[in-house]
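So the chains spell out like this:
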Amino acid sequence: MNHLRCFLVCVSMICAAHSFSQSIRPADLVDPFIGTGGHGHTYPGASMPFGMVQLSPDTRLDGWDGCSGYYGTDSVIYGFSHTHLSGTGCSDYGDILVMPVTGPVVLQNYGYASPFRAATEKALPGYYEVFLDRCRIKAELTATLRAGFHRYTFPESDNASIVFDLKHRDKVIGSSIRVVRDNEVEGMRISSAWAEKQIVYFVARFSKPFTSYTISDGNELVTMKKEIVGNDIKAYFSFATKDGEQVLVKVGISAVSAEGARKNLDAEIPGWDFEKASRDAASVWNHELGKIMIEGGTKEQRTVFYTALYHALLNPNLYLDVDGHYRGRDLRVHEAKGFDYYTVFSLWDTYRATHPLFTVIDQKRTNDIINTFITQYQEGGMLPVWELSANETGCMIGYHSVPVIADAFLKGIKGFDADKAFEAMKHSANQEHLGLKFYKTKGYIPGDQEGESVSKTLEYSYDDWCIAQVAKSLGKADDYKSFIRRAQYYKNIFDRSTGFMRAKMNETWFSPFDPSEVNFNYTEANAWQYSFCVPQDISGLMGMMGGKSEFVKKLDALFSADSKTSGRDQADITGLIGQYAQGNEPSHHMAYLYAYAGQPWKTQALVHRIVNTLYTDKKDGLCGNEDCGQMSSWYVFGAMGFYPVTPGSNIYVIGTPLFPKVTINLENGRKFTVVAEAGDQNYYIQSATMDGRKFEKSFITHETIMNGGELVLNMGPRPNMEWGTKQGDYPVSAIQDELITPVPSIVKGSRTFLVADTIELSTIHPSSEIYFTTDGTEPSLKSPVYTTPLIIDKTTTIRAICKERDLPQSFGIDAAFSKIPANRKITLKTKYAPQYAAGGDLALVDFIRGGADFRTGSWQGYEGVNLEAIIDLGEVQNIGTISAGFLQDQGSWIFMPVKVEFYLSSDGKEYTKTTSVDNNISEHESGSARKDFSAEFKGKNARYVKVIAINRGTCPDWHPGAGSKAWIFADEILIE
């Protein structure tokens, strides 16, 4: 497509052939304020579907609930900036802040900000307005794909101005502004936040020439200077206004150049007709939202549905100028050939439902997105993980571009180079970072080697299943064999004794274990919320849990458990039903798992409950972060009556529809309709027909949807326990070839011991045999077979493999058990946090040192308290030096102790303070830092050594966690 005509063509499509009734305007049912309260992190301003510009008010400068720049209970507007993130957990954007004022202008410390009243706000798709009380100015905003359009209605004033602030929000590492003529300004800003180097250019035009202007570079005000460069640029442009006079400003942006921004502005807003621009935005929104038409339901339900669909269509964002140029992952300028280039990929979230939704309603854009992925791989060396404005943030886990590509390809969406895509998929999977080195060589990620090891192992396994499916489709037999085996690595972290996915330290299950505990073995979750995350092999998971009935019992326990979590405070874990967390993505498929066990009525009841209780039409109507559309995409699917549990397959599990009728207007011209006389009580499926024929399955295929047709669900107030329960009628997700033997595990044994220890090994399948060695050699099928517990009385390395029937032998395990001096004991006078036990009470004297990452289980954590430990050496000895190791990672609330005090005693009753070592590591230092607090004693004699590390108590005032309890992390206390 000629990019100069891209926007106009999009608008003309509306006038050509509507696929829905002209009398129905879905955009009128959208409430952009939903999600701006609670922890939704959305913004209410003007944006086009997938638009480059998100023109919205900024009411909050920082904090977790200020990620979008706006919060629903705030009462001050700092201005209107042109870029915003929708529902993320990190803040960025807020570029090119604009604010109208009257009277003297104070640029520093947001002296131009204005109070406002929520009652004066109005928001619709593509439009926002508010009354600014300070200067009595009505502000209205609309947008095109690449430009923002402002309309300000001023009171009478001889000193009206419009402020531009290029310093707003993120750290600025370069900016400039230049006055082109008396109604045009251009500039640029390079900032660093979540995206380390974000570049944006702008060109702004005023409908009225300004008579004067003033620019500040942070140090002085410069009047009528045409251009200035610096890191603290603010400016205002002044004129006189009559009462009720409207001054318009239109701002084009570009990541490429000022000339690109100018082209964007000229192409998309050639005139000054604000009303037309607003109408055009609404028309485009009505077209996009009209791809799914609902009938019936309450007004609240219709509002929630179309607002959810609206949120789902805000991201990713176009990152391409009208002339086809964009800034690539190498931060250089490139030209797209035959596709539109996008940015903002929150893939850990959106691969689950948002991108699958696009495969149904927006296949053309799906091709563009995958072509963007491939291009980012070619220009940046890697498929995106969480890409933002040409920067890879490295946020979250997995390589979830892979399921997006696989899901599209396997559903027949193939407008991209499949071989190049497959090359990129394999490239991501074959890295060494983020635990992949261990994953590939051990079959799982050890918790003492990599943080979030359980979640990473599970998500890599699913991604690898997706690669295997594409390999199979492409006829790549060797790749299929390799990756379908990797897809089963989840088996290596399943603990049969508890029925949970569990971390391993030294090949031994992490202990003490509490499935509700939130710790760094999981990503924003606990064992409850990750133990069902095997969408690629639900049958295999069922088998490990004991079969269908036991699987259902475990699901029942998930949804009925006490909702209280223990361990680390995790703000993302919200929207709880038992331990199920609708407010965070790892749980999103779980209500649908009952269908795989032949009990779809339980899925129906839960989906009905979630849709009706955890989504509302209020500002806090989202139970968790919107996350660039995922939270809302779940709702769109849920309300339509089906959900993609396993992206990469062609199966959608049927839940329960919210509306009497839902029609999907497909790009191929066909319609797929779900008809159901649903209601507050009638949410159980009694029977079904597909195009008039009896339909017994509790799932539908992608092909069924794409072919069009009518699915009729007959509903009732009580479950029908026959429908969708027979073999062949319920969905199946199973890996059936190239099966692996899971690794053995050590279920009893301490990493360190004093006299002797008992080591017990186990396997998932009792029929498997374990072969082991204790002499340091590699085990083989000729090694001894494990039958009884092993007794060790010296430092020993145990190596073992497992073999099951005709399957290949497992990966090997390698565990070291260290005998420490029997006469040395430690007594802890303060208790460590259970999730940071580092193996237990002996951790501080086990001769095992912690690394640079506090999450790997070798550090013992103390929250808000001092560390006080007494080491008994067994007899009076000559003391040379004592040292105690500590870690700082202030970004995680972990600080060095203020000081460490050392005391000596011969009898364990009377202690003498011998020395105190102060901390010399700055609390402001970023990243990880380690320090040994050491003291020399010059031959003093003692049997008992007391070590007291003084915790600073709370995080300092400058810190994001100011006032919260500070942590100290300790590892080894060494006495020579």
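Reading the values: rules and limits
Residues numbered from 1 in each chain as written. Predicted model: local features only at pLDDT ≥ 70, side-chain atom pairs only at ≥ 80, totals over all residues. Heavy atoms only, no water. Helix = DSSP H or I, 4+ residues; strand = E, 2+ residues; numbered from the N terminus. Rg over C-alpha atoms; globule rule 2.2 N^0.38 Å. Buried < 20%, exposed > 50% of the residue type's maximum accessible area, 1.4 Å probe, protein only. Contact = heavy atoms within 4.5 Å. Lys, Arg positive; Asp, Glu negative; His and termini not counted. Charge placed at Lys NZ, Arg CZ, Asp CG, Glu CD. Phe/Tyr/Trp six-rings, centres within 6.5 Å; stacked < 30°, edge-to-face > 60°. Lys NZ or Arg CZ within 6 Å of the ring centre and 35° of its normal. Pairing = 2+ DSSP bridges. Salt bridge = Lys/Arg side-chain N within 4 Å of Asp/Glu carboxyl O. Expected span 1.5 Å × (residues − 1). Arc of directions from axis to C-beta. Polar contact = N/O pair within 3.5 Å; in protein donor to acceptor, adjacent residues only side chain to side chain. Axes fitted to C-alpha atoms, helices over the stretch in contact; angles between N-to-C directions. Parallel < 35°, antiparallel > 145°, perpendicular 65-115°, else oblique. Left-handed = near helix turned anticlockwise from the far one by under 90°. Disulfide = S-S within 2.5 Å.

1. Section: the overall build of the chain
From N to C terminus, the chain includes 18 helices and 57 strands. The C-alpha atoms of the chain give 31 Å as radius of gyration, which agrees with the globular expectation for 976 residues (30 Å, within 12%). Its C-alpha atoms put the chain at 90 × 75 × 50 Å along the principal axes. Taking all 976 residues of the chain together, 64% fall into the buried category. Of the contacts formed within the chain by residues at least 6 apart in sequence, a portion of 70% connects residues at least 24 apart. Counting 97 positive and 115 negative side-chain charges, the chain places the averaged centre of each group 1 Å from the other.

2. Re the packing of aromatic side chains
Applying the stated criterion across every chain yields a total of 56 aromatic pairs. Both rings, one in Phe 164 and one in Phe 202, keep their centres 5.9 Å apart while their planes meet at 20°; by these two values the pair is stacked. Pair noted here: Phe 164 is in strand 11 (residues 157-165) and Phe 202 is in strand 14 (residues 198-206), with a separation of 38 residues, a long-range link. Grouped by ring-pair contacts, the aromatic residues Tyr 592, Tyr 615, Trp 634, Tyr 635, Phe 637, Phe 642, Tyr 643, Tyr 652 and Phe 672 constitute a single cluster. Between Lys 619 and the ring centre of Phe 33, over which it is positioned, the NZ or CZ distance is 5.6 Å. In this structure, Lys 931 packs its charged tip against the face of Phe 933, placed 5.0 Å from the ring centre.

3. What to know about the sheet that holds strand 36 (residues 642-643)
Strands sit in the order 36-37-42 across an open sheet of 3 strands; the sheet is antiparallel. Looking at strand neighbours, the two that pair on one side only are strand 36 and strand 42 (699-701), the edges of this open sheet. Bridge count between strand 36 and strand 37 (residues 651-654): 2 bridges; the pairing is antiparallel. Looking at the pairing, Phe 642 lines up with Ile 654 of strand 37.

4. Side note on the sheet that holds strand 27 (residues 391-392)
Across the sheet, which stays open at both edges, the 3 strands sit in the order 25-26-27 with antiparallel pairing between neighbours. Of all the strands in the sheet, the pair left with one neighbour each is strand 25 (345-346) and strand 27. In terms of strand pairing, strand 26 (residues 386-388) meets strand 27 through 2 bridges, oriented antiparallel. When the sheet's bridge partners are listed, Glu 387 is paired in strand 27 with Glu 392.

5. A few points about the pattern of salt bridges
Where charged atoms of side chains with opposite charge meet at close range, the side chains can pair. For the structure on display, the rule yields 53 salt bridges. Taking the shortest distance from any N to any O, the salt bridge between Asp 448 and Arg 751 comes out at 3.9 Å. With a gap of 303 residues between them, Asp 448 in the loop between helix 10 (436-442) and helix 11 (453-474) and Arg 751 in the loop between strand 44 (745-748) and strand 45 (752-753) connect regions that are remote in the sequence. For Arg 751, a relative accessible area of 32% corresponds to the partly exposed category. Salt bridges sharing partners connect three or more residues here, namely Arg 178, Arg 181, Glu 184, Glu 186, Arg 205, Glu 259, Arg 262 and Asp 266.

6. Structural notes on the side chain of Lys 554
Within the fold, Lys 554 resides in helix 15 (residues 548-560). Among residues more than four places away in sequence, those in contact with Lys 554 are Thr 498, Gly 499, Phe 500, Trp 528, Phe 532 and Met 545.

7. A word on helix 9 (residues 418-429)
When the terminal C-alpha atoms of helix 9 are compared, their 17 Å separation across 12 residues agrees well with the 16 Å that a helix rising 1.5 Å per residue should span. What helix 9 keeps buried is the set Ala 418, Ala 421, Phe 422, Ala 424, Met 425, Ser 428 and Ala 429. Projection of helix 9 onto a plane perpendicular to its axis shows the buried side chains occupying an angular sector of 160°, all on one side. Here the buried face of helix 9 lies against helix 7 (363-380), helix 8 (401-410), helix 10, helix 11 and helix 12 (477-486). N-capping of helix 9 is provided by Asp 417, with a side-chain oxygen placed 3.1 Å from the backbone N of Asp 419.

8. Things to note about the packing of helix 8 against helix 9
Following both chains from N to C, one finds helix 8 and helix 9 inclined at 150°, their axes separated by 10 Å at the closest point. Here helix 9 runs roughly antiparallel to helix 8, going by the angle between their axes. Seen from above, helix 8 lies across helix 9 with left-handed handedness. For the pair helix 8 and helix 9, contact is made by Val 402, Ile 405, Ala 406 and Phe 409 and by Ala 418, Ala 421 and Met 425, respectively.

9. Description of the pairing of strand 53 (residues 867-888)
Across 4 bridges, the pairing between strand 51 (residues 825-828) and strand 53 is antiparallel. When the sheet's bridge partners are listed, Leu 828 is paired in strand 53 with Ala 869. Examined bridge by bridge, strand 53 and strand 56 (residues 929-949) share 17 bridges and lie antiparallel to one another. Within the sheet, the bridge partner assigned to Ile 870 lies in strand 56 and is Lys 946. With 5 bridges connecting them, strand 53 and strand 57 (residues 967-975) associate as antiparallel partners. The partner of Ala 884 across the bridge, within strand 57, is Ile 973.

10. A few points about the side chain of Asp 95
Within the fold, Asp 95 resides in the loop between strand 4 (79-81) and strand 5 (97-102). Side-chain polar atoms of Asp 95 contact the side chain of Thr 83, separated by 2.6 Å. Separated by 2.8 Å, the side chains of Asp 95 and Gln 198 make a polar contact. Setting aside chain neighbours within four positions, we find Asp 95 in contact with Ser 81, His 82, Thr 83, Arg 189, Ser 191, Gln 198 and Val 200.

11. Focus: unusual backbone geometry
Residue Pro 316 is bonded to the preceding Asn 315 through a cis peptide linkage, with omega at -5°. Summarising the element assignment, Pro 316 is placed in the loop between helix 4 (299-312) and strand 21 (317-318). The omega torsion across Ser 511 and Pro 512 is 0°, close enough to zero to call that bond cis. Relative to the elements of secondary structure, Pro 512 occurs in the loop between strand 31 (508-509) and strand 32 (517-518). A positive phi angle, close to 60°, is found at Asn 506, a residue other than glycine. Mapped onto the fold, Asn 506 is located in the loop between strand 30 (504-505) and strand 31. Residue Asn 506 is classed as buried on the basis of its relative accessible area, which comes to 10%.

12. Overview of helix 14 (residues 538-545)
Of all 8 residues in helix 14, 6 are buried, a share of seventy percent or more. Along helix 14, the positions that sit buried rather than exposed are Ile 538, Gly 540, Leu 541, Met 542, Met 544 and Met 545. Packing partners of the buried residues in helix 14 comprise strand 28 (494-495), strand 29 (500-501) and helix 15. Immediately downstream of helix 14, the backbone of Gly 546 shows phi near 110°, a positive value.

13. Topic: the environment of Leu 541
Take Leu 541: it is sitting in helix 14. The exposure class of Leu 541 is buried, given its relative accessible area of 1%. Sequence-wise, Leu 541 and Lys 491 are 50 residues apart; in three dimensions their C-alpha atoms are separated by 8.1 Å. The contact partners of Leu 541, leaving out residues within four places of it in the chain, are Tyr 490, Met 501, Ser 531, Phe 532, Val 534 and Phe 551.

14. Remarks on the state of the cysteines
Note on terminology: a disulfide is the covalent bond linking the sulfur atoms of two cysteines. Enumeration according to the criterion identifies 0 disulfides in this entry. Counting only cysteine sulfurs, Cys 90 is the nearest neighbor of Cys 67, a cysteine outside any disulfide, at a range of 6.4 Å. Cys 955 carries a free sulfur, and the closest cysteine sulfur to it, the one in Cys 90, is 17 Å from it.

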